[in-house]
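# An overview of the molecular structure
In case you want the letters, here they are:
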Amino acid sequence: MMEVCNCIEPQWPADELLMKYQYISDFFIAVAYFSIPLELIYFVKKSAVFPYRWVLVQFGAFIVLCGATHLINLWTFTTHSRTVALVMTTAKVLTAVVSCATALMLVHIIPDLLSVKTRELFLKNKAAELDREMGLIRTQEETGRHVRMLTHEIRSTLDRHTILKTTLVELGRTLALEECALWMPTRTGLELQLSYTLRQQHPVEYTVPIQLPVINQVFGTSRAVKISPNSPVARLRPVSGKYLLGEVVAVRVPLLHLSNFQINDWPELSTKRYALMVLMLPSDSARQWHVHELELVEVVADQVAVALSHAAILEESMRARDLLMEQNVALDIARREAETAIRARNDFLAVMNHEMRTPMHAIIALSSLLQETELTPEQRLMVETVLKSSSLLATLMNDVLDLSRLEDGSLQLELGTFNLHTLFREVLNLIKPIAVIKKLPITLNLAPDLPEFVVGDEKRLMQIILNIVGNAVKFSKQGSISVTALVTKSDNRAPPDFFVVPTGSHFYLRVKVKDLGAGINPQDIPKLFTKFAQTQSLATRSSGGSGLGLAISKRFVNLMEGNIWIESEGVGKGCTAIFDVKLGISNESKQSGIPKVPANPQHVNFAGLKVLVMDENGVSRMVTKGLLVHLGCEVTTVSSNEECLRVVSHEHRVVFMDVCTPGAENYQIALRIHEKFTKRHQMTLLAALTGNTDKPTKEKCMSFGLDGVLLKPVSLDNMRNVLSDLLEHRVLYEAM
Amino acid sequence: MDAHVAQLQMQYRNYILSLYQQGFLDDQFTELKSLQDDGSPDFVAEVLSLFFDDCVKLVGNMARALDQTGTVDFCQVGANVHQLKGSSSSVGAKRVKGLCINFKELCEAKNYEGCVRCLQQVDIEYKTLKAKLQDMFNLEKQIVQAGGIVPQVDIN
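Chain B carries the name Histidine-containing phosphotransfer protein in an unreviewed UniProt entry, which gives Brassica oleracea var. oleracea as its organism. Under the heading Function (unreviewed entry), UniProt records this for chain B: "Functions as a two-component phosphorelay mediators between cytokinin sensor histidine kinases and response regulators (B-type ARRs). Plays an important role in propagating cytokinin signal transduction."

As annotated in an unreviewed UniProt entry, chain A is Ethylene receptor from Brassica oleracea var. oleracea. Of the comments in the UniProt record for chain A, the one headed Subcellular location (unreviewed entry) reads "Endoplasmic reticulum membrane". Of chain A, the UniProt comment under Function (unreviewed entry) reads exactly: "May act early in the ethylene signal transduction pathway, possibly as an ethylene receptor, or as a regulator of the pathway."

Below, the structure is given as structure tokens:
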């Protein structure tokens with residue numbers, strides 16, 4: 001039986017050509033289909049990244065199966081067996097399955113692939129943007145660097161001209177400018193003057209009124225402003241026609257005063273002064289002003305302002321310093337002149353003191369002696385006149401000398417204890433003769449609580465009282481004079497910073513001298529106490545006096561820590577002179593005359609006082625022994641250190657040691673004696689006799705434990721005082 | 001007799017004053033005189049004789065020290081000068097003391113020529129003083145013998 005074959009039998013043999021072509025095409029299709037995956041695999045293997053391997057496999061399978069199908073098709077053109085048909089069918093089925101699967105898969109994959117593409121595009125854009133920004137940052141950084149460099153250049157000098165010149169040069173260089181100019185305001189402030197330019201060496205004296213609109217525009221803002229190249233400030237050179245002028249920018253530069261130099265805050269004052277900086281790009285370059293360049297210009301302008309202020313400050317301080325130096329020199333010269341003058345005056349006074357007093361004394365003494373002899377009345381009169389005149393002259397000299405010494409501050413009060421009541425009575429006795437002649441009764445009132453014995457400068461106090469009372473008598477033609485002395489407790493008349501407080505050992509004596517005489521014009525009162533000034537009236541002139549009295553009295557009163565003033569109600573109404581002085585209260589009921597020390601050391605009885613004298617020099621030893629024996633001491637003498645140590649015992653109250661022989665041996669003795677007697681209560685007193693009592697010697701003595709230092713040769717009084725002080729106070733360091 | 005005493009006293013006073021004015025004596029001598037009292041009537045004479053003996057001894061030492069051939073021990077000379085200075089200042093021998101001060105400086109400067117010269121001056125000076133004081137004592141003796149008392153001379 002013939003098998004039924006399902007294959008299609010060829011209808012007509014003429015289609016053999018067609019069959020042949022089909023055959024060939026199928027073959028080629030198969031080949032292509034087989035080679036495509038190979039190619040794919042090859043290229044994918046070559047490339048590093050391909051995410052869709054699975055897809056590839058699928059696709060490969062699909063292609064391969066298609067190819068297989070077409071290949072198997074080749075066999076179906078001729079009669080073929082059932083196996084071939086079966087294989088063909090299987091292949092076709094498989095192919096169908098895979099193709100569908102692939103088709104389904106592609107639905108997912110193709111959008112992904114497409115999105116990859118978009119992402120790629122996006123990233124490309126981003127990269128381009130970043131590139132742009134990088135470019136921008138780099139430019140800014142460049143600008144910043146330029147600014148820093150410029151600033152550094154500008155601020156590296158404190159000279160105004162250099163600053164400005166450097167600014168222009170550096171700006172010109174950094175920005176490649178054609179021209180750069182600086183206009184400064186003139187003194188009047190009404191015009192701007194071309195002060196500095198970059199290219200032109202000697203700029204013409206070119207001014208522009210400051211009220212131009214373009215200038216106002218620039219001054220109105222702190223930013224750099226583009227201005228027209230034809231504006232007056234920008235037209236610096238004669239313009240030739242063919243140039244296309246480059247763009248011009250102008251910026252204001254604040255000129256700060258020294259006083260408004262604040263770091264972060266430029267106050268917007270309308271009275272500010274500005275300079276104008278004009279920058280021109282090269283002509284014919286078609287360059288434009290970029291934003292970062294404008295920023296650079298603004299920053300530079302600010303820096304220049306600061307640098308200029310610094311320069312101004314420096315100039316100012318240098319000027320001040322020069323002025324001060326000049327003044328110093330002048331002051332120095334003046335001081336030296338003053339010193340020379342003072343020295344000259346002191347020399348003069350010293351001469352006057354001695355040279356003039358001697359003849360003066362001679363004159364006065366001899367005139368007095370002459371008065372004692374037998375004289376005719378005319379001669380007596382003449383001698384009296386001579387005496388009076390010379391007394392006056394002597395007084396004048398003394399006064400002038402006293403005053404100079406007072407002014408120098410070299411006058412010291414000679415303090416002593418004296419009887420205050422007696423003093424007043426003495427003064428009155430001195431004045432009474434004159435007062436009686438002028439028929440002016442004088443009364444003295446002493447307050448009951450006035451101390452009798454006081455400590456102060458007796459002579460000078462008397463001088464003061466005498467002067468005041470004398471003045472009262474001199475300038476009164478009638479009336480009475482009253483002198484009151486009291487202890488003052490509080491004072492409401494003296495200047496407010498003068499508080500009168502009686503302390504334990506001091507009190508303030510107030511003396512009031514009231515007269516009913518000529519009186520003084522209150523306006524003249526301040527002049528009274530100045531030297532050599534006199535009131536005008538003839539009456540006063542005739543009574544003599546140099547006008548120094550009150551001045552001297554005032555100085556003495558001030559030295560006594562007091563105050564003096566005069567009250568008067570006017571001419572013809574009399575006046576009252578009042579003064580306060582500080583006096584010490586004395587505990588003594590008798591005059592002992594020992595200065596300053598409140599507790600007077602009595603003469604210590606030295607009888608039988610055992611003293612040891614150590615001196616290598618025989619003569620000195622003998623003299624010192626003689627001194628001490630004269631004072632009543634029992635003296636033992638030794639002539640060497642060793643002997644001294646051997647002989648010294650606790651019976652010796654004082655040991656005098658000569659320490660002026662060279663060598664420190666002597667001081668060691670002091671230590672050894674101290675060692676010997678440390679256990680005793682009654683320490684032996686050690687005193688050194690030496691040739692010099694300068695500070696190092698004294699310090700050395702103190703460091704070795706000596707109680708006193710004496711300068712050789714010692715006088716009797718000194719020895720007496722030293723001994724009593726030593727025994728009383730146990731320590732003495734005398735400056736002799 | 002009184003006139004003679006007065007004259008002697010006047011002579012004595014003038015002599016003493018001249019000694020002070022010529023710088024032979026200074027205040028220390030006055031002090032010394034004030035120490036003389038009934039308890040020690042010859043105090044001044046004793047001190048002065050001791051002083052002049054000292055002078056002789058010290059000058060001799062110094063002459064010997066300076067005579068040394070070879071190196072002169074200026075320290076030794078200086079020590080002696082120091083002693084002499086102390087003595088002379090104790091009795092009030094003004095000129096001798098002044099010379100001693102110069103001498104000391106020369107010793108410290110180790111000036112041989114200067115030292116020798118200074119020593120000679122010291123020698124002359126103390127001998128002169130000795131002679132003058134001897135005259136003074138003689139005058140005192142004369143006054144006492146004539147029945148008067150030696151006056152206290154106030155220098156100022």
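There is more to say, and it comes next.
On to the pattern of salt bridges, then. Within this structure, the stated rule accounts for 17 salt bridges over all chains. One salt bridge in this structure joins Asp-457 of chain A and Arg-460 of chain A, with 2.9 Å as the shortest N-O distance. Neither residue differs from the other here; Asp-457 of chain A and Arg-460 of chain A are each classed as buried. Notably, a salt bridge pairs Asp-54 of chain B with Lys-57 of chain B, separated by 3.8 Å at the nearest N-O pair. With Asp-54 of chain B and Lys-57 of chain B both in helix α3 (residues 43-67) and three residues apart, the pair spans about one turn of that helix. Several salt bridges share partner residues, and in doing so they unite Asp-332, Arg-335, Arg-336 and Glu-339 of chain A into one network.

Once that is clear, we can look at the interface of chain B and chain A. Contacts between chain B and chain A engage 19 residues on the former and 17 residues on the latter. Roughly 1600 Å² of surface becomes buried between chain B and chain A when both sides are summed, with 65% attributable to carbon and sulfur atoms. Inspection of the chain B/chain A interface yields zero salt bridges. At the boundary of chain B with chain A, the tally comes to four residue pairs in polar contact (both at pLDDT 80 or more). For the side of chain B that touches chain A, the secondary-structure elements that each account for two or more residues are α2 (27-35), α3 and α4 (74-91) of chain B. If one sorts the elements of the side of chain B that touches chain A by residue count, α4 of chain B sits on top with seven residues. When its residues are assigned to classes, the side of chain B that touches chain A shows seven nonpolar, eight polar and four charged.

Another point: helix α13 (residues 618-630) of chain A. Residue and element names in this part refer to chain A. With 13 residues, α13 should cover 18 Å at 1.5 Å per step; its first-to-last C-alpha distance of 18 Å lies within 8% of that length. Of the residues making up α13, those classed as buried are Gly-618, Val-619, Ser-620, Arg-621, Met-622, Val-623, Thr-624, Gly-626, Leu-627 and Leu-628. Immediately downstream of α13, the backbone of Gly-632 shows phi near 100°, a positive value.

Together, Leu-17, Tyr-21, Tyr-23, Ile-24, Phe-27, Phe-28 and Val-31 of chain A make up a nonpolar patch on the protein surface, roughly 730 Å² of accessible area in all. Following the sequence through the fold, Leu-17 of chain A ends up in helix α1 (residues 16-46).

All right, on to the sheet that holds strand β2 (residues 191-197) of chain A then. All names here are of chain A. In spatial order, the strands read β3-β2-β1-β6-β5-β4; together these six strands make up an open sheet with antiparallel pairing. A single partner strand is all that each edge strand has here, and the edge strands are β3 (207-209) and β4 (225-227). Here the strands of the sheet are splayed against their neighbours by 35° on average, with no regard to which way each runs. With five bridges connecting them, strand β1 (residues 179-185) and β2 associate as antiparallel partners. Residue pairing in the sheet places Pro-185 in a bridge with Leu-192 of β2. Packed on one face of the sheet, helix α4 (residues 160-175) meets β1, β2 and β6 (273-280) and runs near 70° to β2.

What follows concerns the pairing of strand β12 (residues 563-568) of chain A. Residue and element names in this part refer to chain A. Among the six residues of β12, five are classified as buried, and the element is accordingly described as predominantly covered. The pairing of β12 with strand β13 (residues 575-585) spans six bridges and is classified as antiparallel. If you follow Ile-564 over to β13, its bridge partner there is Phe-579. Adjacent in sequence and paired antiparallel, β12 and β13 are bridged by six residues, among which Gly-570 carries a positive phi angle near 140°.

What follows concerns the confidence of the model for chain A. Residues of chain A with pLDDT of at least 70 account for 82%, and the chain-wide mean is 78. Scored below 50 in pLDDT, residues 492-500 of chain A makes 13 contacts in the model with residues more than four places away or belonging to other chains.

Its identity is not glycine, yet Ala-176 of chain A carries a phi of approximately 50°, on the positive side. Here Ala-176 of chain A shows up in the loop between α4 and β1. In this model, Lys-110 of chain B sits at a positive phi of 55°, which is unusual for a non-glycine residue. Turning to its location among the elements, Lys-110 of chain B is positioned in the loop between α5 (94-108) and α6 (112-145).

A separate point is the UniProt feature "modified residue: Phosphohistidine" (unreviewed entry) in chain B. UniProt feature "modified residue: Phosphohistidine" (unreviewed entry): in the numbering of this structure it lies at His-82 of chain B. Relative to the assigned elements, His-82 of chain B resides in helix α4.

Residue and element names in this part refer to chain B. Following the criterion strictly, the structure yields zero disulfides over all chains and no others. You can see Cys-100 has no disulfide; the closest cysteine sulfur is in Cys-118, sitting 7.8 Å from it. A relative accessible area of 1% places Cys-100 in the buried class.

When two helices pack together, their arrangement is captured by the angle between the axes and the distance separating the axes. All names here are of chain B. Following both chains from N to C, one finds α3 and α6 inclined at 160°, their axes separated by 11 Å at the closest point. On the basis of their axis angle, the class for α3 and α6 is roughly antiparallel. The hand of the α3/α6 crossing is left-handed. Every residue of α6 that contacts α3 at Val-44, Ala-45, Leu-48, Phe-51, Phe-52, Cys-55, Val-56, Val-59, Met-62, Ala-63 and Leu-66 is listed here: Tyr-112, Cys-115, Val-116, Leu-119, Val-122, Asp-123, Tyr-126, Leu-129, Lys-130, Leu-133 and Phe-137. Class assignment of the residues belonging to the contact of α3 with α6 gives a composition of 20 nonpolar, no polar and two charged.

Enumeration according to the criterion identifies two cavities of 30 Å³ or more in this entry. Approximately 70 Å³ is the volume attributed to the largest cavity. For the largest cavity, the full set of lining residues is Ser-620, Val-623, Thr-624, Leu-627, Leu-689, Lys-712, Pro-713 and Val-714 of chain A together with Gln-28 and Ser-90 of chain B. For the lining of the largest cavity, the per-class residue count stands at five nonpolar, four polar and one charged.

Thresholds applied
Residues numbered from 1 in each chain as written. Chains lettered and ligands numbered in written order. Predicted model: local features only at pLDDT ≥ 70, side-chain atom pairs only at ≥ 80, totals over all residues. Heavy atoms only, no water. UniProt positions renumbered as here; feature names shortened; annotations may be inferred. Salt bridge = Lys/Arg side-chain N within 4 Å of Asp/Glu carboxyl O. Buried < 20%, exposed > 50% of the residue type's maximum accessible area, 1.4 Å probe, protein only. Helix = DSSP H or I, 4+ residues; strand = E, 2+ residues; numbered from the N terminus. Contact = heavy atoms within 4.5 Å. Buried area = accessible area lost by both parts, 1.4 Å probe. Polar contact = N/O pair within 3.5 Å; in protein donor to acceptor, adjacent residues only side chain to side chain. Nonpolar A, V, L, I, M, F, W, Y, C, P; charged D, E, K, R; others polar. Expected span 1.5 Å × (residues − 1). Patch = residues over 30% accessible without salt bridge, like charges linked within 9 Å, V, L, I, M, F, W, Y side chains within 5 Å. Areas by Shrake-Rupley, 256 points an atom, 1.4 Å probe, with all protein chains shown as cover. Pairing = 2+ DSSP bridges. Axes fitted to C-alpha atoms, helices over the stretch in contact; angles between N-to-C directions. pLDDT = per-residue confidence, 0-100. Disulfide = S-S within 2.5 Å. Parallel < 35°, antiparallel > 145°, perpendicular 65-115°, else oblique. Left-handed = near helix turned anticlockwise from the far one by under 90°. 1 Å grid on protein atoms, 1.4 Å probe; cavity = no way out; pocket = protein on both sides within 12 Å on 5 of 7 lines; lining within 4 Å. Points joined across faces, edges and corners; volume = space filled by probe spheres on them.

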